[in-house]
Amino acid sequence: MVTIRAYHRPTTLAAALELLARPDVEAIPLGGGTEINGLPGRVPSEVVDLQALGLADISRDGATLDVGSMVTLRDFIEHEWTPPLLRDLARREGPNTIRNVATLGGVVATADPESGLVAGLLAYSAVVSIAGASGIENVVLTDLVGGGKGLVGSIITSVQIALGGDGTFEATARTPADTPIVLVAGHRSDDDSLLLAATGVAATPVLIEPDGIEDLRPPPDFRGSADYRRHLAGVLAARVVGRLPEGGPA
Amino acid sequence: MTITVVLNGEARELTCAPHESLMAVLRREGFYSVRFGSETGETGAAAVLVDGRLVSSDVMLAAQADGHEIETVEGLAPRMSLHPIQEAFIATGAIQSGYSTPAMILAAKELLAADPDPSEDQIRDALSGILDRETGYLRPVLAVQRAAAALRGEAVSDVETSVVSPLTYDMDGVTDPEGIPAVSPKVVPNPEVPETNVVGRPEIKVDALKLAKGNPAFVDDIDMRQMLYAKVLYSPHAHARIVAIDDSKARSLPGVRAVLHHQNVARVRYASGGQSYPNPLPYDQVSFDDKVRFVGDRVAAVAAESVEIATEALELIDVTYEVLPAVFDENEAIAEGAPVIHDEDGMDGAHDASRNIVHHISADVADVDAGFEQADRIFEQEFRVHQVQQAPIEPHIAIAYWDSDERLVIRTSTQVPFHVRRMVAPLLGLPIKKIRIIKPRIGGGFGAKQEMLIEDIVGHLTMATGRPVRYELTRQEEFVSSRTRHPQTIAYRTGVNAAGHLVAQEMKVVANTGAYGTHGLTVQMVSGLRGLTSYKSPNKRYRCDVAYTNLPVPGAYRGYGAPQALFALEAHMEDVAHALEIDPLEFRRMNWTAEGDPIDVAPQLGEGEADTSFVPVVTSSGIEECVAQGERSIGWQRRLDPEWRQPSDRPNIRRGLGFAMCMHGSAIPGLDMGAASIKINDDGSFNMLIGATDLGTGADTILGQIAAEVLGVPLDDIVVYAADTDMTPFDTGAYASSTTYISGMAVKRAAEETRRQIVDRAALLLEESAGAIELRDRQAWSTDGRSVGLAEIALSSLHQAQQHQIMGTASYVSPESPPPYAAQFAEVEVDVDTGQVTVQSLVMAVDCGVAINPVTAAGQVEGGMIQALGYGHCEEMAYDEGGRMVNARFGPYWIYRADEMPRIDTYLVQTMEKSGPFGAKAIAEIPKDGVAPAIRNAIANATGTRINAIPFTPERVWQALHSKG
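Residues numbered from 1 in each chain as written. Chains lettered and ligands numbered in written order. Predicted model: local features only at pLDDT ≥ 70, side-chain atom pairs only at ≥ 80, totals over all residues. Heavy atoms only, no water.

**Looking at the overall build of chain B**
Scanning chain B from terminus to terminus reveals 26 helices and 33 strands. Compactness check: chain B gives a C-alpha radius of gyration of 28 Å against a globular reference of 30 Å for 965 residues, within 12% of the reference. Projected onto its principal axes, the C-alpha coordinates of chain B cover approximately 85 × 75 × 60 Å. Within chain B, the proportion of its 965 residues that are buried is 67%. Looking at chain B alone, contacts between residues at least 24 apart form 77% of all its contacts between residues at least 6 apart. Total accessible area on chain B stands at roughly 31,300 Å², and carbon and sulfur atoms take up 48% of it. Each charge class in chain B was averaged separately, 83 positive and 131 negative side chains, and the resulting centres sit 2 Å apart. (Helix = DSSP H or I, 4+ residues; strand = E, 2+ residues; numbered from the N terminus. Rg over C-alpha atoms; globule rule 2.2 N^0.38 Å. Buried < 20%, exposed > 50% of the residue type's maximum accessible area, 1.4 Å probe, protein only. Contact = heavy atoms within 4.5 Å. Areas by Shrake-Rupley, 256 points an atom, 1.4 Å probe, with all protein chains shown as cover. Lys, Arg positive; Asp, Glu negative; His and termini not counted. Charge placed at Lys NZ, Arg CZ, Asp CG, Glu CD.)

This is how it looks when you write it as structure tokens:
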């Protein structure tokens, strides 16, 4: 694991940002910790645990769901307002021992290339609130995952999801619960626009276009060559589109 | 830092470092039920409840738990009592090794607190974070259901065996072909099997209490003062010479107590496979060499005051390598011009080290060329089987220390304590009498621990430092640096006459034994034996080259060489039947080995000295009944139904059913030996000392049942102590499906000798002739109805008259290895657009003779099938071009979870094997044999595509479907 030299549990956002802003100290925010605490290597660091910042609430403002970054995947799954697609994808992030601790903010921050939930949030055009030295900034998830916006010295405080519409996903994996080789999530919003996002076809989960599959350059691994992943993206995207017809279910 | 927690209901202040995991702190505080499985939280062995929720404490900092409530299994029930969930896990046979049982019990506790009547899906989700390599999850699910009922206040009855009527023979008193019980174990009785009282009953495991309660029972569950911690520097190169090694910086690091490598450890050659004396040649390993032969090979070892210091010290060892060309494929390794992996002196016994051929094996029955000349049709196929890892949830771990007599004690997670003692002695330069090996409970082995793998490291380091030394493999090290299954390229050639009978069968294998020979000879002998025994053919030929490569080292893995051979054989037989347009079951039935048939290739492919004068014959076979039960359970007739095979509402899905016949062995004839000693105590109970090694399989329990049956007492009166080289008789160890058959007969004979002495004493007390005495219900009875209790007999014998310790000792070696049989069926769905295969159902009907304990036997089948499912379906060791394993952790490697299981159904078909204890044959390994070919044949049934390599991962299947055009 990361060699952790000091553990902090600030009780205010300002204190947490201050701990992260120290120029001479490598400090990382800690959500559930299930990724960081299992990382190999011996990188010296300090951790700033966000559990006492009051970021674990789910609220709703009209058609927008605001999910605190420290909401665990379990609480996200069990919440009545969570869209079914995102609930199903959150369930696939890991078994209960992980879902009980891992947080939505942590999933977004790490942006695991194989995270179906991140793909789902991309399809939902999720917006991420990030607190930094200059205040809170709202960033479209696409920009964050795409690397346009860094997180150093800042804290994800919440994720906003526009409710409504309909979503579904398709995946191909070695076994039913295995991390998919390719997963395609789709969301058709109330204005009938359709967004598709996929894992397994780029270095991070990405938005894809049904007619842009051939342009994808998936990184191959032992579970799937680039050609195969491209093929899967096409097949799965077509299935998702077929299940989300324009104008709603036939 | 100090944290404040409520721990099992008690407010506690705990000291921890900022980096320490909650698991580490809890174990330091004596909560040994929290166990290490990996560094990444995937096994769930370290799961605890935090604020009532199950979390993996290995990926949670102790500091994160500050201010929270923690619950471990130690808090569930006080001493001498059990929580209803613990009772349910014990009663249903949900516990095998028990390593992860505490985590499962906590999962159940959390679930049942929220929902007293959960669905099976909810239960499986609750268990999904705890990987289990042993049970197939079926019994843990039953346990949670039973616990739920008990906690709701409903009455729960004793777990009983479900009796299923036979389909191919008559059985008086059993007449219910319609009422198939839903819950295993399902036993198909046999009229030849006599009535018994303890044998054949689903008795509670003798070690269940300590496992359900999480009591300290495993290697790591002891604290020793002055303990040092070992770490090993492993090679980053697949093939290299160590030109120089400078350990000065590591030695000067504060807290480092020893650094060992090839320059300061004696070069003693050995073979690491845990096998009988003399270990098969060549002896191609030394503790530390000046050459490395795979990524993960040993370079140096450090002992330090902490794991962290030892890890830091490894980085300070300066090694200069001369990197050499490497070869990974077995066929390329034996081709001309391949790099020579063992070019050192002393390679006695290697077939041709200059060509990387460590062994060449051949066996012939009659004249196979003449047989092919008589054949009307000849079929040839080639198959490839890959490399997988046993992946026990408890990795290899050993602790060495000097005892007060200055003898070296090694407490180790091993399947072969007696072999380890004999094999480690010369490496350490100690006489055998100066070494004691203790095997406590171990968290699974599956063959990986049939090795002398790390005991020399802790031994060397303890001798170098004088202090206790602990070494536990990381999960990555367990994948790469322990042992694996041999990959093979297998070619079959079969000649068939016009009537559909085999007239000649040839099997050629090129096997990959990685960097070292270890089990390379014997695994491949078993491949030939199993690959040419299931079916009768008057002419047979086996040829095998075993190749060195620069891969991590294969060794023993449950099933030994059989799963490889039977994948190829059962795929081949399926395809031959298809080509001949004969029903695949009927084709096998026409050719399979039946009672009275010789196992003709066995004398040439046994592991002992070849004795061609003794050709064993099949003495019992229940394969016909196994097939009938399996056919009914899987719904075999559906395979010909086009509407079922291609569902109209799912155009991309094809369904199929597949079959594989399995035939295995029961121990290594003429070589495997077990021994037992049984003595009576003052109260008429018995201590039974056995060398046999229980890996979690229930061996201690079924051996106790055998003794109890003979002695006329309940199992509870047999106190079992096992596998300690100072205290128990010898046993070759837990491998080759030998424990029930061999150690069981040793126990039976020791019990019979003890019974003889009891009867003599009873005859004295009852003034009756010994021949008229029988033992039952803790009493010795005369024919006229008088009795004397065993306690009275013991007191008389120990204290009162003609004093004498009633005690029986016996050993057993068998000239035979009676084969268990099984019918394996699989149901699959194939997504023809993506290649994804979903296994819907696995059914196995097994003839293991008489199951001494139907619950533990069924557990072996259920768990074995799921391990075999991983072999055929998803598990693989993947490498980059340099030979580095790229998926050496559980996520990307992937073993099946509780929430994604196919339906599994198990039948135990009784036969009466007269050479075995109470009719028993083996059961441990045969569940590994048939799943991969049954899936393969099901995919063929579904799609018409025949795939000759495993695993059936999506891209492989898609490519095969695609290439079909």
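**Some details on the sheet that holds strand 6 (residues 127–132) of chain A**
Residues and elements named next belong to chain A. Taken in spatial order, the five strands of this open sheet run 4-5-8-6-7, and their pairing is antiparallel. This sheet does not close on itself; its edge strands, each paired only once, are strand 4 (58–61) and strand 7 (135–140). For this sheet, the mean angle separating the axes of adjacent strands, direction not counted, is 25°. Sheet topology places strand 6 next to strand 8 (residues 155–162); five bridges connect them, and they run antiparallel. (Pairing = 2+ DSSP bridges. Axes fitted to C-alpha atoms, helices over the stretch in contact; angles between N-to-C directions.)

**Concerning the interface of chain B and chain A**
The partner chain A presents 49 residues to the 54 residues of chain B that form the contact. The largest share of the area that chain B buries against chain A comes from B:Arg53, B:Gln64 and B:Glu955, three residues that together contribute 16% of it. There are six salt bridges connecting chain B and chain A. The salt bridge partner of B:Arg53 is A:Asp75, with a shortest N-O separation of 2.6 Å. Going through the elements one at a time, strand 4 (53–56), helix 4 (120–126), helix 8 (307–315), strand 32 (837–847), helix 24 (890–893) and helix 26 (954–963) of chain B are the ones with two or more residues in the side of chain B that touches chain A. In terms of residue count, strand 4 of chain B provides more of the side of chain B that touches chain A than any other element does, four residues in total. Its residues placed into classes, the side of chain B that touches chain A shows 21 nonpolar, 18 polar and 15 charged. (Buried area = accessible area lost by both parts, 1.4 Å probe. Salt bridge = Lys/Arg side-chain N within 4 Å of Asp/Glu carboxyl O. Nonpolar A, V, L, I, M, F, W, Y, C, P; charged D, E, K, R; others polar.)

**Observations concerning the side chain of B:Lys449**
Residues and elements named next belong to chain B. On the secondary structure map, Lys 449 appears in the loop between strand 18 (435–438) and helix 12 (455–465). A polar atom in the side chain of Lys 449 sits 2.8 Å from the backbone oxygen of Glu 394. Apart from residues lying up to four places away in sequence, Lys 449 is in contact with Pro 392, Glu 394, Pro 395, His 396, Ser 413, Thr 414, Gln 415, Val 416, Ile 442, Gly 443 and Gly 444. (Polar contact = N/O pair within 3.5 Å; in protein donor to acceptor, adjacent residues only side chain to side chain.)

**So, the packing of helix 20 (residues 699–711) of chain B against helix 21 (residues 739–766) of chain B**
All names here are of chain B. Running from N to C, helix 20 and helix 21 point in directions that differ by 30°, and their axes come no closer than 8 Å. It follows from the interaxial angle that helix 20 and helix 21 lie roughly parallel. Remark: the crossing between helix 20 and helix 21 carries right-handed chirality. Contact with helix 20, carried on its side by Ala 699, Ile 702, Leu 703, Ile 706, Ala 707, Val 710 and Leu 711, involves Thr 739, Thr 740, Ser 743, Gly 744, Val 747, Lys 748, Ala 751, Glu 752, Thr 754, Arg 755 and Ile 758 of helix 21 and no other residues of that element. Of the residues belonging to the contact of helix 20 with helix 21, the class tally is ten nonpolar, five polar and three charged. (Parallel < 35°, antiparallel > 145°, perpendicular 65-115°, else oblique. Left-handed = near helix turned anticlockwise from the far one by under 90°.)

**Comments concerning the environment of A:Ala233**
All names here are of chain A. Checked against the element boundaries, Ala 233 lands in helix 8 (residues 226–243). Take Ala 233: its relative accessible area is 0%, and that puts it in the buried class. Spatially, the C-alpha atoms of Ala 233 and Ile 213 are 6.8 Å apart, while their sequence positions differ by 20 residues. With residues near it in sequence (within four places) discarded, Ala 233 still touches Val 182, Val 184, Val 201, Ile 213 and Leu 216.

**Some details on helix 16 (residues 584–591) of chain B**
For an α-helix, 3.6 residues make a turn, and residues three or four places apart therefore share a direction. All names here are of chain B. For helix 16, every residue scored as buried is listed here: Pro 584, Leu 585, Phe 587, Arg 588 and Asn 591. Looking straight down helix 16, one finds its buried side chains confined to an arc of 165°; they lie on one side. Contact partners of the buried residues in helix 16: strand 20 (488–496), strand 21 (502–512), helix 15 (562–580), helix 18 (623–634), strand 23 (653–663) and helix 25 (931–943). You can read the cap of helix 16 off the contacts: a side-chain oxygen lies 2.9 Å from the backbone nitrogen of Leu 585, and it is on Asp 583. (Arc of directions from axis to C-beta.)

**Focus: the domain arrangement of chain B**
Residues and elements named next belong to chain B. Assigned domains of chain B: these are domain 1 (1–159), domain 2 (228–324 + 393–444 + 449–481), domain 3 (488–667 + 817–963) and domain 4 (673–813). For domain 2 and domain 3, the distance between their C-alpha centroids amounts to 36 Å. Between domain 2 and domain 3, the residue contacts involve 22 residues of the former and 27 residues of the latter. Approximately 1,900 Å² of surface area, both sides summed, lies buried where domain 2 meets domain 3, with 60% of it carried by carbon and sulfur atoms. On the domain 2 side of the contact with domain 3, Gln 275, Phe 294 and Phe 479 bury the most area, a combined 30% of that side's loss. Counting every contact that joins domain 2 to domain 3 gives zero salt bridges. (Domains from an automatic or database assignment.)

**Observations regarding unusual backbone geometry**
Residue and element names in this part refer to chain B. With an omega of -5°, the peptide bond between Leu 281 and Pro 282 qualifies as cis. Position of Pro 282 relative to the elements: it lies in the loop between strand 10 (256–261) and strand 11 (291–292). In this structure, the amide linkage connecting Ile 950 to the following residue, Pro 951, adopts the cis form with an omega of 5°. Mapped onto the secondary structure, Pro 951 falls in the loop between helix 25 and helix 26. The phi torsion at Glu 767 lies on the positive side, around 55°, for a residue other than glycine. Mapped onto the elements of the fold, Glu 767 is located in the loop between helix 21 and strand 27 (774–776).

**A look at the domain arrangement of chain A**
The accessible area lost on association of the parts is a frequent measure of interface size. Residues and elements named next belong to chain A. Split by domain assignment, chain A resolves into domain 1 (3–49), domain 2 (58–162) and domain 3 (166–243). Relative placement of domain 2 and domain 3: their C-alpha centres are 19 Å apart. If you look at the interface, domain 2 gives 19 residues, while domain 3 gives 24 residues. Buried area between domain 2 and domain 3, summed over both chains or domains, comes out near 1,600 Å², and the portion from carbon and sulfur atoms is 65%. Between the two partners, domain 2 and domain 3, sit one salt bridge. Across the pair Arg 223 and Glu 114 runs a salt bridge whose closest N-O atoms are separated by 2.2 Å. Seen at the junction of domain 2 and domain 3, the total is three residue pairs in polar contact (both at pLDDT 80 or more). At the level of secondary structure, the elements contributing two or more residues to the side of domain 2 that touches domain 3 comprise helix 3 (84–91), helix 6 (116–123) and helix 7 (141–145). Partitioned by chemical class, the residues of the side of domain 2 that touches domain 3 number ten nonpolar, five polar and four charged.

**A closer look at the pairing of strand 24 (residues 673–680) of chain B**
All names here are of chain B. Most of strand 24 sits out of view: six of its eight residues are buried. Of the pairings in the sheet, the one linking strand 24 to strand 30 (residues 807–813) comprises seven bridges and is antiparallel in character. Across the sheet, the residue bridging to Lys 679 is Met 807, located in strand 30. Note: strand 24 against strand 25 (residues 686–690), five bridges, orientation antiparallel. From the neighbouring strand, Lys 679 faces strand 25, where its bridge partner is Asn 687. Connecting strand 24 to the next strand, strand 25, in antiparallel fashion are five residues, including Gly 684 with a positive phi near 85°.

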